[in-house]
Amino acid sequence: MKAFVHAYGELKVKDMNEPFADHGQVKVSLKTAGLNRRDVAVPGRRGDEAEPLILGSDGAGVVEAIGEGVSEFSVGDEVIVNPSLGWYENAEAPPKQFDILGMPDNGTFTETIVLPAEQLEKKPEHLSWEEAGVLALSGLTGYRALFTKGNLQAEDTLFIPGAGSGVATYLIQFAKKAGARVIVSSRSEEKCNQALELGADRAIDTNSDWSEELKDETIDIVIDSVGQATFNRSLDVLEKGGRFVTFGATTDDTVELNLRKFFYGQYKLIGSTMGSQEELHAMLEYIEQHEIHPIVDRSFLLDDAQSALDYLKASKQFGKVVLKVSD
Ligand SMILES: NC(=O)c1ccc[n+]([C@@H]2O[C@H](COP(=O)([O-])OP(=O)(O)OC[C@H]3O[C@@H](n4cnc5c(N)ncnc54)[C@H](OP(=O)(O)O)[C@@H]3O)[C@@H](O)[C@H]2O)c1
């Protein structure tokens, strides 16, 4: 089978052995796979000596075979992959065995994948294959950050820097359906307009003076995954006592924090990461109930996965980037 791998410092499309569905496992013939920022970072984290690994965390496809003991799925079922490995029940933080699909285990940029049955979910019927393939990782991360950790309320005003981010396009939709006021920033005027079309109430230029622009707003909650480039500016516009949720640092992990300003402001800094299977189920129910569709910016063929990664790395997208694996 064809797969996009990181092998000995190189990224390439490679023929790999077909996996076999053992006890409790399901073999899925993938139709689409979704890109995440993590796929850009994984090669650097593995180094130049590492053996071949299939990249990718998100995917959707059709069940091709089932191992012994699997009763939840049948051949022909349409499914999506849950990349949050080993985290089933809701908890303050993931359990020790938690990992994300696509490192260290082989991921979804491949024609066929074998996973434990509990890592698969029925594909939401209202989604196309492209939409289903980009849903789980970002949708789940956004859902936990917004509702479980951020405790978003209908009367809240939410600020999201970096509107073009895949997760941000879920946050905008989820928060609007919950009745909150949503303000975003982007470095691109076009992405600001796309965010407004998606339902954001206000969109400002990331390079503007936020404290001036937003002086008429009361921001109750910030969800910032841009990291170093925006962290302190986001904190500056947050109302005293407000919640600051972070689950990513696209620009850099390290920030300088003025502690005095922070404790005088009595802010709450909240970390979040992915989510449990229970939260995934809640997110799937939420998107079905509100008929939410993932925003797919662009699709590439599996053979062209390198261009898809380059496109994401350059932050050109508004929403998600998808790989078409098979028809
Ligand atoms: N912990 C977890 O479980 C988890 C899960 C998912 C994602 N993440 C992390 O969360 C972050 C967001 O993920 P994603 O996939 O949604 O991201 P993404 O699609 O790659 O988008 C990142 C966005 O950040 C903004 N940005 C990039 N460089 C910037 C700069 N120099 N200044 C200001 N804004 C900048 C851009 O917004 P504009 O183009 O609109 O300006 C860009 O669209 C990533 O760091 C990712 O690794 C973590």
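Rules used throughout
- Residues numbered from 1 in each chain as written.
- Predicted model: local features only at pLDDT ≥ 70, side-chain atom pairs only at ≥ 80, totals over all residues.
- Heavy atoms only, no water.
- Helix = DSSP H or I, 4+ residues; strand = E, 2+ residues; numbered from the N terminus.
- Buried < 20%, exposed > 50% of the residue type's maximum accessible area, 1.4 Å probe, protein only.
- Contact = heavy atoms within 4.5 Å.
- Areas by Shrake-Rupley, 256 points an atom, 1.4 Å probe, with all protein chains shown as cover.
- Lys, Arg positive; Asp, Glu negative; His and termini not counted.
- Charge placed at Lys NZ, Arg CZ, Asp CG, Glu CD.
- Axes fitted to C-alpha atoms, helices over the stretch in contact; angles between N-to-C directions.
- Parallel < 35°, antiparallel > 145°, perpendicular 65-115°, else oblique.
- Nonpolar A, V, L, I, M, F, W, Y, C, P; charged D, E, K, R; others polar.
- Patch = residues over 30% accessible without salt bridge, like charges linked within 9 Å, V, L, I, M, F, W, Y side chains within 5 Å.
- Salt bridge = Lys/Arg side-chain N within 4 Å of Asp/Glu carboxyl O.
- Near = heavy atom within 4 Å.
- Polar contact = N/O pair within 3.5 Å; in protein donor to acceptor, adjacent residues only side chain to side chain.
- 1 Å grid on protein atoms, 1.4 Å probe; cavity = no way out; pocket = protein on both sides within 12 Å on 5 of 7 lines; lining within 4 Å.
- Sits in = over half its atoms within 2 Å of the grid points.
- Pairing = 2+ DSSP bridges.
- Points joined across faces, edges and corners; volume = space filled by probe spheres on them.
- Domains from an automatic or database assignment.

Colleague: Hey, could you go over the overall build of the protein for me, with residue numbers and the actual values?
Modeller: The number of helices and strands found in the protein is 10 helices and 18 strands. When its C-alpha atoms are laid out on the principal axes, the protein stretches across 60 × 40 × 35 Å. The buried share among the 327 residues of the protein stands at 53%. Summarising the internal contacts of the protein: among those between residues at least 6 apart in sequence, 72% fall at separations of at least 24. Summing over all exposed atoms, the protein offers an accessible surface of approximately 14,500 Å²; the carbon and sulfur share of this is 44%. In the protein, 32 side chains carry a positive charge and 53 a negative one; their mean positions are 5 Å apart.

Colleague: Which residues make up the packing of helix H1 (residues 37-46) against helix H10 (residues 305-313), and what values go with them?
Modeller: Orientation of H1 relative to H10, taken along the N-to-C sense of each, is 105°, at an axis distance of 9 Å. In terms of orientation, H1 and H10 fall into the roughly perpendicular class. Together, Arg-37, Asp-39 and Val-40 of H1 and Leu-309, Leu-312 and Lys-313 of H10 make up the contact between the two elements. In terms of residue class, the contact of H1 with H10 is made up of 3 nonpolar, no polar and 3 charged.

Colleague: Before we move on, could you go through a negative patch on the surface and cite the residues and values that matter?
Modeller: On the surface, Glu-189, Asp-205, Asp-209 and Glu-213 cluster together into a negatively charged patch. Of note, Asp-205 is situated in strand E13 (residues 202-205).

Colleague: Lay out the site of the ligand with the relevant residues and their values.
Modeller: The local shell around the ligand holds 26 residues, among which Arg-37, Ser-165, Ser-186, Lys-191 and Gln-317 are the closest. Interatomic distance of 2.4 Å between a side-chain N/O atom of Arg-37 and an oxygen atom of the ligand. A distance of 2.8 Å is found between an oxygen atom of the ligand and a side-chain nitrogen or oxygen belonging to Thr-250. Computed on the free molecule, the ligand has an accessible area of 920 Å², of which 87% lies beneath the protein chains in the complex. A molecule is said to occupy a pocket when more than half its atoms come within 2 Å of that pocket's grid points, and by this definition the ligand occupies the largest pocket. Only helix H3 (136-149) and helix H4 (166-177) provide two or more residues apiece to the shell around the ligand. When the residues that make up the shell around the ligand are grouped by side-chain class, the tally is 8 nonpolar, 15 polar and 3 charged.

Colleague: Go over the sheet that holds strand E2 (residues 10-15), please, and point to the residues and values.
Modeller: Reading across the sheet, the 3 strands line up as E2-E1-E4 and stay open at both edges, with antiparallel pairing between neighbours. Only two strands of the sheet have a single neighbouring strand rather than two, namely E2 and strand E4 (53-54). The pairing of strand E1 (residues 2-7) with E2 spans 6 bridges and is classified as antiparallel. In the sheet register, Ala-3 faces E2, and the bridge partner there is Lys-14.

Colleague: I'd love a proper account of unusual backbone geometry, names of residues and values included.
Modeller: Met-103 connects to Pro-104 through a cis peptide bond whose omega is 10°. Its identity as a non-glycine residue notwithstanding, Tyr-8 has a phi of 45°, on the positive side. Residue placement: Tyr-8 occurs in the loop between E1 and E2. Classification of Tyr-8 as partly exposed rests on a relative accessible area of 48%. At Met-274, a position not held by glycine, the phi torsion is positive, near 40°.

Colleague: Go over the layout of surface pockets with me, naming the residues and quoting the values.
Modeller: Size it by volume and the largest pocket reaches roughly 1,200 Å³. Taken together, 44 residues make up the lining of the largest pocket; nearest its centre are Arg-37, Ser-225, Gly-248, Ala-249 and Thr-250. If you list the elements that add at least two residues to the lining of the largest pocket, you get H1, H3, H4, strand E12 (181-186) and strand E18 (320-324). Here the element with the most residues in the lining of the largest pocket is H1; it accounts for 5 residues. When residues of the lining of the largest pocket are assigned to domains, at least three fall in each of domain 1 (2-136 + 294-324) and domain 2 (151-271). Here the second largest pocket defines a volume of roughly 260 Å³. By residue number, the principal contributor to the lining of the second largest pocket is strand E9 (residues 112-116), which donates 5 residues. A class-by-class count of the residues in the lining of the second largest pocket yields 11 nonpolar, 6 polar and 2 charged.

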